[in-house]
There are 2 protein chains.
Amino acid sequence: MNEINTPWVRTVLMDPPSLQNNTADAERLIAALKEDLQAGNIDIDLDLLKQLPALLRKWQYRVRCIVFKDHHRWLLTGITEAADTGPIAGLAVDLGTTRVVLRLVDLNTSRTLAESAFDNPQDAVGPDILARIHYAEQAGGLDRLNQLIVHGLNRAIDSLCATIKIDPQNIYALAVAGNTTMTHLFMGLSPRWIIREPYIPAVNKPPLVKARSLGIQINPHAGALIFPNIGSYFGGDLIAGILYSKIDKKEETAILVDVGTNAEVVLGNRNWLIACAGAAGPALEGGVTRMGMTAGPGVIDKIAIDPDTREFKIHTIEENPPRGICGSGVIDLAAQLYLGGMIDIRGKFLPADCGSRLNEIDGLLHLTVVPADQSGTGSDLTISQADMDSLIRSKAAMYTILETITASVGMAPKDLTRFYVAGTFGSFIDPRSAITIGMLPDLPLESYQTLGNSSLGGATLALTSADCLAEMDRIRDRITYLELNVNQEFMNRFSAGKFLPHTDPSLFPSVEVWSKK
Amino acid sequence: MNEINTPWVRTVLMDPPSLQNNTADAERLIAALKEDLQAGNIDIDLDLLKQLPALLRKWQYRVRCIVFKDHHRWLLTGITEAADTGPIAGLAVDLGTTRVVLRLVDLNTSRTLAESAFDNPQDAVGPDILARIHYAEQAGGLDRLNQLIVHGLNRAIDSLCATIKIDPQNIYALAVAGNTTMTHLFMGLSPRWIIREPYIPAVNKPPLVKARSLGIQINPHAGALIFPNIGSYFGGDLIAGILYSKIDKKEETAILVDVGTNAEVVLGNRNWLIACAGAAGPALEGGVTRMGMTAGPGVIDKIAIDPDTREFKIHTIEENPPRGICGSGVIDLAAQLYLGGMIDIRGKFLPADCGSRLNEIDGLLHLTVVPADQSGTGSDLTISQADMDSLIRSKAAMYTILETITASVGMAPKDLTRFYVAGTFGSFIDPRSAITIGMLPDLPLESYQTLGNSSLGGATLALTSADCLAEMDRIRDRITYLELNVNQEFMNRFSAGKFLPHTDPSLFPSVEVWSKK
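Residues numbered from 1 in each chain as written. Chains lettered and ligands numbered in written order. Predicted model: local features only at pLDDT ≥ 70, side-chain atom pairs only at ≥ 80, totals over all residues. Heavy atoms only, no water.

Colleague: What is the right way to read helix H1 (residues 25–37) of chain B from this model?
Modeller: For an α-helix the count is 3.6 residues per turn, leaving residues at separations of three or four pointing the same way. Residue and element names in this part refer to chain B. Given a rise of 1.5 Å per residue, 13 residues ought to cover 18 Å, and the 18 Å separating the end C-alpha atoms of H1 matches this to within 8%. Every buried residue belonging to H1 is among Asp25, Ala26, Glu27, Arg28, Leu29, Ile30, Leu33 and Leu37, and all of these are buried. Where H1 is buried, its residues contact strand S1 (9–13), strand S2 (42–44), helix H2 (46–58), strand S3 (62–69) and strand S4 (74–81). Remark: Gln38 follows H1 within two positions and exhibits a positive phi of approximately 55°. (Helix = DSSP H or I, 4+ residues; strand = E, 2+ residues; numbered from the N terminus. Expected span 1.5 Å × (residues − 1). Buried < 20%, exposed > 50% of the residue type's maximum accessible area, 1.4 Å probe, protein only. Contact = heavy atoms within 4.5 Å.)

Colleague: Would you take a moment to explain the relation of the copies chain B and chain A for this structure?
Modeller: Between the two copies of the chain lies a relationship made up of a rotation around an axis and a movement along it. When chain B is fitted to chain A, the residual RMSD is 0.2 Å, and the transformation amounts to a turn of 180° plus an axial shift of 0.1 Å. Interpreted geometrically, this transformation is the action of a two-fold axis. A high fraction, 100%, of the interface residues of chain B reappear at the interface in chain A, so the copies pair face to face through one surface. (Least-squares fit on C-alpha atoms with pLDDT ≥ 70 in both.)

Colleague: Even after reading the chapter, I still don't get the packing of helix H6 (residues 236–245) of chain B against helix H12 (residues 467–478) of chain B, so can you show me in this structure?
Modeller: Helix-helix packing is characterised by the crossing angle of the two axes and by the distance between the axes. Residues and elements named next belong to chain B. As a packed pair, H6 and H12 sit with axes 10 Å apart at the nearest point and diverge in direction by 115°. Our pair here, H6 against H12, has a crossing hand that is right-handed. Mapping the contact onto sequence places Ile239, Ile242 and Leu243 in H6 and Cys468, Glu471, Met472, Ile475 and Arg476 in H12. Residues of the contact of H6 with H12, tallied by class, amount to six nonpolar, no polar and two charged. (Axes fitted to C-alpha atoms, helices over the stretch in contact; angles between N-to-C directions. Left-handed = near helix turned anticlockwise from the far one by under 90°. Nonpolar A, V, L, I, M, F, W, Y, C, P; charged D, E, K, R; others polar.)

Colleague: What's the story with the pairing of S1 of chain B in this structure? I'm lost.
Modeller: Along a regular strand, successive side chains alternate from one face of the sheet to the other. All names here are of chain B. S1 sits mainly inside the fold: four of its five residues count as buried. Here S1 pairs with S3 via five bridges, running antiparallel. Paired with Leu13 across the two strands is Arg62, which belongs to S3. (Pairing = 2+ DSSP bridges.)

Colleague: How should I be thinking about the sheet that holds strand S3 (residues 62–69) of chain A in this particular structure?
Modeller: All names here are of chain A. Here four strands make up an open sheet; going across it, the order is S1-S3-S4-S2 and the pairing mixed. The strands lining the two open edges of the sheet, one partner per strand, are strand S1 (9–13) and strand S2 (42–44). Neighbour-to-neighbour, the strand axes of this sheet turn through a mean angle of 45°, independent of strand direction. Judged from the seven bridges that link them, S3 and strand S4 (residues 74–81) form a sheet pairing that is antiparallel. Looking at the pairing, Phe68 lines up with Leu75 of S4.

Colleague: Is there a simple way to explain the sheet that holds strand S22 (residues 480–481) of chain B in this structure?
Modeller: Within a sheet, adjacent strands bond to each other through the backbone by hydrogen bonds, running parallel or antiparallel. All names here are of chain B. Strands sit in the order S21-S20-S11-S12-S13-S22 across an open sheet of six strands; the sheet is mixed. Of all the strands in the sheet, just strand S21 (448–452) and S22 have a single pairing partner and so form its edges. Where strand S13 (residues 273–279) meets S22, two bridges bridge the pair, whose relative direction is parallel. Counted as the bridge partner of Ala275 is Tyr481 from S22. Here helix H9 (residues 385–407) sits on the sheet and contacts strand S11 (254–258), strand S12 (262–268), S13 and strand S20 (418–422); the angle it forms with S12, its principal contact strand, is near 25°.

Colleague: What am I meant to see in the environment of Cys354 of chain B here?
Modeller: All names here are of chain B. By the element assignment, Cys354 lies in helix H8 (residues 351–354). A C-alpha to C-alpha distance of 12 Å links Cys354 and Gln336, two positions 18 residues apart in sequence. Cys354 has contacts with Met342, Phe349 and Leu367, leaving out every residue within four places of it along the chain.

Colleague: In this structure, what is going on with the interface of chain B and chain A? I would like to understand it.
Modeller: By a frequent convention, interface size equals the accessible area lost on bringing the separate parts together. Contacts between the two partners involve 39 residues from chain B and, on the opposite side, 39 residues from chain A. Between chain B and chain A, a total of about 3,400 Å² is buried, with carbon and sulfur atoms accounting for 64% of that surface. Taken together, the connections running from chain B to chain A amount to zero salt bridges. For the pair chain B and chain A, the number of links is 14 residue pairs in polar contact (both at pLDDT 80 or more). Elements represented by at least two residues in the side of chain B that touches chain A include exactly H1, S2 and H2 of chain B. At six residues, the largest contribution of residues to the side of chain B that touches chain A is made by H2 of chain B. (Buried area = accessible area lost by both parts, 1.4 Å probe. Salt bridge = Lys/Arg side-chain N within 4 Å of Asp/Glu carboxyl O. Polar contact = N/O pair within 3.5 Å; in protein donor to acceptor, adjacent residues only side chain to side chain.)

Colleague: Looking at this model, I keep getting lost on the pattern of salt bridges. Mind explaining?
Modeller: Any two side chains of opposite charge can pair, given that their charged atoms come close. All names here are of chain A. Scanning the model with the defined rule gives 38 salt bridges over all chains in all. With a shortest N-O distance of 2.9 Å, Asp344 and Arg346 are connected by a salt bridge. Residue classification places Arg346 among the partly exposed residues on the basis of a relative accessible area of 45%.

Colleague: Just to check I follow, could you spell out the packing of aromatic side chains for this structure?
Modeller: Any aromatic ring pair is given by two values, namely how distant the centres are and how the planes are angled relative to each other. Counted under the stated rule, the structure contains 12 aromatic pairs over all chains. With centroids separated by 5.5 Å and ring planes inclined at 50°, the aromatic side chains of Tyr399 of chain B and Phe508 of chain B adopt a geometry described as tilted. Pair noted here: Tyr399 of chain B is in helix H9 and Phe508 of chain B is in the loop between helix H13 (488–497) and helix H14 (509–516), with a separation of 109 residues, a long-range link. Just as Tyr399 of chain B is buried, Phe508 of chain B falls in that class too. A network of ring pairs unites the aromatic residues Trp8, Phe68 and Trp74 of chain A as a single cluster. Directly above the ring of Phe312 of chain A sits Arg357 of chain A, whose terminal nitrogen or CZ lies 3.6 Å from the centroid. (Phe/Tyr/Trp six-rings, centres within 6.5 Å; stacked < 30°, edge-to-face > 60°. Lys NZ or Arg CZ within 6 Å of the ring centre and 35° of its normal.)

Colleague: Hey, could you run me through the pairing of strand S8 (residues 171–178) of chain A in this one?
Modeller: Residues and elements named next belong to chain A. Among the eight residues in S8, eight count as buried, and that is most of the element. For strand S5 (residues 89–95) and S8, the ladder comprises seven bridges, and the chain directions are parallel. Bridge pairing in S8 links Gly90 to Ala173. With four bridges joining them, S8 and strand S10 (residues 223–226) adopt parallel strand pairing. Of the residues in S10, the one forming a bridge with Ala175 is Leu225.

Colleague: Looking at this structure, I do not really get the side chain of Asp45 of chain B. What am I missing?
Modeller: Tracing the backbone through its elements, the reader meets Asp45 of chain B in the loop between S2 and H2. Apart from residues no more than four positions distant in its own chain, Asp45 of chain B is found in contact with Lys210, Arg212 and His221 of chain B.

Colleague: How do you make sense of the environment of Val259 of chain A when you look at a structure like this?
Modeller: All names here are of chain A. By secondary structure assignment, the location of Val259 is in the loop between strand S11 (254–258) and strand S12 (262–268). Look at Val259 and you get buried, because its relative accessible area is 3%. Along the sequence, Val259 and Ala422 sit 163 residues apart, while their C-alpha atoms lie 7.2 Å from each other.

Colleague: Just to check I follow, could you spell out unusual backbone geometry for this structure?
Modeller: Excluding glycine, residues mostly have negative phi values, and the peptide bonds linking residues are mostly trans. All names here are of chain A. Following Glu197, the chain continues to Pro198 via a peptide bond in cis, the omega torsion being 0°. Assignment of secondary structure puts Pro198 in the loop between helix H5 (180–187) and strand S9 (209–210). Note that the residue after Leu500, namely Pro501, is joined by a cis bond; omega there is -15°. Structurally, Pro501 is set in the loop between helix H13 (488–496) and helix H14 (509–516).

Colleague: Is there a simple way to think about the confidence of the model for chain A in this case?
Modeller: For any part of a model where pLDDT is low, the fine detail of the predicted coordinates should not be relied upon. Residue and element names in this part refer to chain A. On average, residues of chain A score 91 in pLDDT, and 96% of them reach the 70 mark or higher. Ranking the helices and strands of chain A by mean pLDDT puts helix H4 (residues 141–163) first, with 98, and helix H12 (residues 467–478) last, with 86. Across residues 1–5, where pLDDT falls below 50, the model places nine contacts with residues more than four positions away in sequence or in other chains. The complex prediction reports pTM at 0.86, with the ipTM value standing at 0.85. (pLDDT = per-residue confidence, 0-100.)

Colleague: Which parts of the structure should I look at to understand helix H7 (residues 327–339) of chain B?
Modeller: All names here are of chain B. The terminal C-alpha atoms of H7, which comprises 13 residues, lie 18 Å apart, in line with the 18 Å expected from a rise of 1.5 Å per residue. Counting buried residues along H7, 13 of its 13 residues qualify, which places the element largely inside the surrounding structure. Gly341 lies just past H7 and shows a positive phi near 75°.

Colleague: Teacher, can you tell me more about the environment of Asp143 of chain A here?
Modeller: All names here are of chain A. With respect to the secondary-structure elements, Asp143 resides in helix H4. For Asp143, a relative accessible area of 55% puts it in the exposed group. For the pair formed by Asp143 and Gly188, sequence separation is 45 residues and the distance between their alpha carbons is 6.8 Å.

Colleague: So what exactly am I meant to see when it comes to the side chain of Asp258 of chain B here?
Modeller: Residues and elements named next belong to chain B. For Asp258, the position within the fold is in strand S11. For the buried Asp258, no salt bridge is present, and the opposite-charge side chain at shortest range is Arg103, 14 Å distant. Contacts of Asp258, omitting those with residues within four sequence positions, involve Leu238, Ala263, Glu264, Ala422 and Gly423. (Lys, Arg positive; Asp, Glu negative; His and termini not counted.)

Right under this line is the structure:
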């Protein structure tokens with residue numbers, strides 16, 4: 001009667017009460033559900049209990065139950081008539097610092113019903129985690145940040161539901177994956193101690209709460225599952241990513257990397273998992289250059305430079321006139337400039353080779369990527385030497401983190417056979433360009449696999465597979481978190497990584513081949 | 001550090017966070033509590049979690065935790081500084097149809113801090129369960145009944161706390177025992193189907209809820225334990241009574257009887273428990289006579305009639321001038337009239353022996369118990385033949401229920417060795433008088449033991465002993481409920497019981513002895 005992979009919607013047909021079988025309504029339903037789910041404890045919310053006697057009689061004790069599970073108990077979060085075939089939806093949310101992505105899932109079929117995204121409205125307070133945490137410490141600051149994201153989500157839920165013509169009341173479950181700070185702000189928990197030594201979150205495994213108690217306006221009985229974190233710098237979004245990548249279930253040792261301002265890395269297999277996170281700087285996300293912006297129409301996402309003519313072939317999203325460049329575009333640009341001989345192994349512009357594209361503005365060298373007459377802004381789109389230096393530091397940090405985590409288990413980056421790149425940003429990166437600048441190791445290109453929004457993918461799994469809940473806790477409890485102590489060895493690796501592709505070019509044999517083409 | 005019998009208050013001293021031990025605040029506390037309590041799952045309410053980081057730091061990770069347990073999990077319901085010695089109170093409530101009794105308990109020492117009682121304000125809607133259930137079916141009726149009891153409790157809590165100068169915020173746990181209907185009305189659950197065949201409550205084991213969600217204004221994190229019921233006619237007050245009497249733990253077979261309009265009976269020992277409930281009519285509680293009233297100053301609670309002079313010796317509560325008679329007074333009166341030869345074995349007034357006390361009013365014989373010049377009302381206090389007939393029917397029903405439940409296990413009422421009389425009303429009954437009229441079996445007087453307010457006693461135990469919670473569920477799950485089918489055998493027993501003391505006087509040998517004195 002139920003799909004194997006959708007444990008949240010159960011049809012329950014009960015014997016109506018009689019003098020011989022006069023247990024109470026709640027216990028009649030719970031007993032039937034327990035048998036169906038093979039579950040130990042099933043709780044009913046008081047508000048739902050109030051409606052139960054009338055509903056069971058109206059539907060002649062033939063009902064469809066929507067259930068939810070946390071670490072150790074089941075909750076009944078809704079009932080409908082057994083014959084009702086109306087939508088029973090769940091909402092998965094990737095709660096990003098910059099962007100929030102929503103996916104509505106049919107809990108009956110696991111199918112995606114609709115998706116949408118919006119910029120995190122907390123950006124009005126501050127663009128990054130640090131700014132928001134400081135703001136949260138001001139009087140009323142935490143409340144305001146909390147309200148910004150809650151209202152933003154409610155607006156987005158209303159719009160999303162409108163597009164497929166369902167009522168938000170039909171959403172019976174919510175799963176939210178975000179980094180530790182975003183999760184805290186969403187729950188109204190102070191993030192103050194996250195950024196202060198010894199970096200302590202308020203909670204690692206958030207309790208299962210009602211979506212209502214978080215201010216989210218979906219079905220009033222809906223449960224909200226908030227992904228657990230490992231610590232202040234390793235959040236639920238990564239746990240969701242591991243869940244989605246399934247690296248914790250495979251024999252082969254794989255690595256999962258979320259490339260961003262903060263690089264988060266998990267290495268492991270079904271026997272062990274080790275994780276670390278470290279600051280890579282905003283350069284990899286295009287966040288430092290004056291022309292940098294997040295992906296959108298008119299944003300440069302790919303660049304090719306003809307090594308002979310040094311002609312720039314620019315590709316923009318939706319092929320609109322170029323307005324700026326996103327992170328993957330910056331990585332492409334750096335790789336192409338290097339392969340085209342326009343920057344040296346330190347990432348410095350070579351004036352002789354850059355020609356008229358190179359100009360000094362305010363005492364700093366700028367390379368014109370798109371001249372004003374071809375741009376969508378009416379101005380030159382340029383990248384400065386400082387931007388390039390920043391990118392070099394970021395890519396060196398990224399590679400150093402990979403070296404450190406692999407070294408901690410006696411491996412080297414080149415020993416990896418499966419490399420998952422997580423995150424929306426990561427999915428736009430061309431591995432060949434990332435290898436060229438020495439940001440990612442020189443593995444066969446087919447070793448690289450993008451996961452897209454794995455945080456959203458993991459949140460979706462939590463809504464569609466009961467096993468994933470236990471799995472989530474198992475992952476959380478099994479991970480060894482590696483503190484990235486910035487010691488001499490780390491600094492040596494970092495210094496060696498600040499060359500294109502590396503001080504030791506033998507680590508990147510492909511780059512030599514590519515640069516000769 | 002903790003009293004053995006007060007498991008709800010635990011002092012927890014944690015290591016403060018460090019880089020080596022950087023688990024989150026919530027998990028740090030839960031881990032320490034789990035070890036202390038040897039508990040599996042401990043949940044923290046979101047609102048408490050929000051305060052946790054600041055409080056733990058303020059108190060240097062040395063705290064006193066107030067915990068609460070339901071059927072399968074522990075809840076953290078409050079924390080204070082470890083050094084805080086302020087009161088941590090629990091509130092036990094006997095939620096009676098007529099009277100509501102409150103007891104404040106110190107959760108640290110199990111000592112009673114204060115008690116109070118008030119008339120159930122739902123009486124404004126209807127004096128009995130039936131009237132209230134019908135009222136609850138009207139539009140807004142259930143809400144009004146719910147608000148009446150919730151507001152009544154809040155007012156009583158405020159007054160009670162004021163008497164001992166504590167803040168209601170210091171009450172961290174609530175335990176409520178009441179009959180099934182009162183429990184439903186208190187939780188806002190419709191009692192509609194309780195009185196309609198096949199008599200189905202909305203719930204047998206109410207979920208553990210927050211006192212706040214019931215509208216009770218004590219500490220906002222306080223949990224509320226509401227006693228489970230066996231069915232529509234066997235409520236949580238009786239489960240509380242069993243818990244308090246401990247008949248479920250003893251080798252000897254004992255009986256527990258709550259005498260009232262509805263007689264509730266439990267028979268059993270540590271191996272088995274059987275229960276039944278049946279209508280005995282309001283006569284036993286003094287509810288039918290014109291002079292009947294509930295206990296209070298000036299109410300006749302004891303009567304002795306000199307068999308020679310037929311002089312009435314009247315005792316009133318607080319020895320005020322008599323204003324009326326309560327149930328125990330009516331039983332005394334009937335017994336004394338019988339022993340004094342003023343009524344016959346059918347309970348009919350004997351005019352020759354009643355003399356001038358007997359008068360016909362509106363075509364019905366009335367016996368003057370207190371003449372107008374001695375009464376507190378200025379009028380004669382009388383009891384009519386109809387009142388006496390009603391008492392006879394009620395006492396016959398009571399005895400028939402005792403015969404039926406004992407017969408169901410192959411015993412007779414006279415085989416009982418331990419007879420617990422529960423309820424506030426029951427504690428005023430003189431067993432000798434009850435035996436004389438054949439309402440209770442002719443056992444040695446020392447077999448009778450009054451429990452006082454056993455419902456309140458059980459609710460108090462739930463607040464002061466962790467074992468009692470599991471015990472409560474064990475009791476509920478072990479009881480066999482005997483339906484009192486009104487069949488020919490029942491009617492035969494009932495008819496035989498309508499004599500004083502019984503058609504078969506050999507069942508009551510003591511009465512013959514007493515009547516000869």
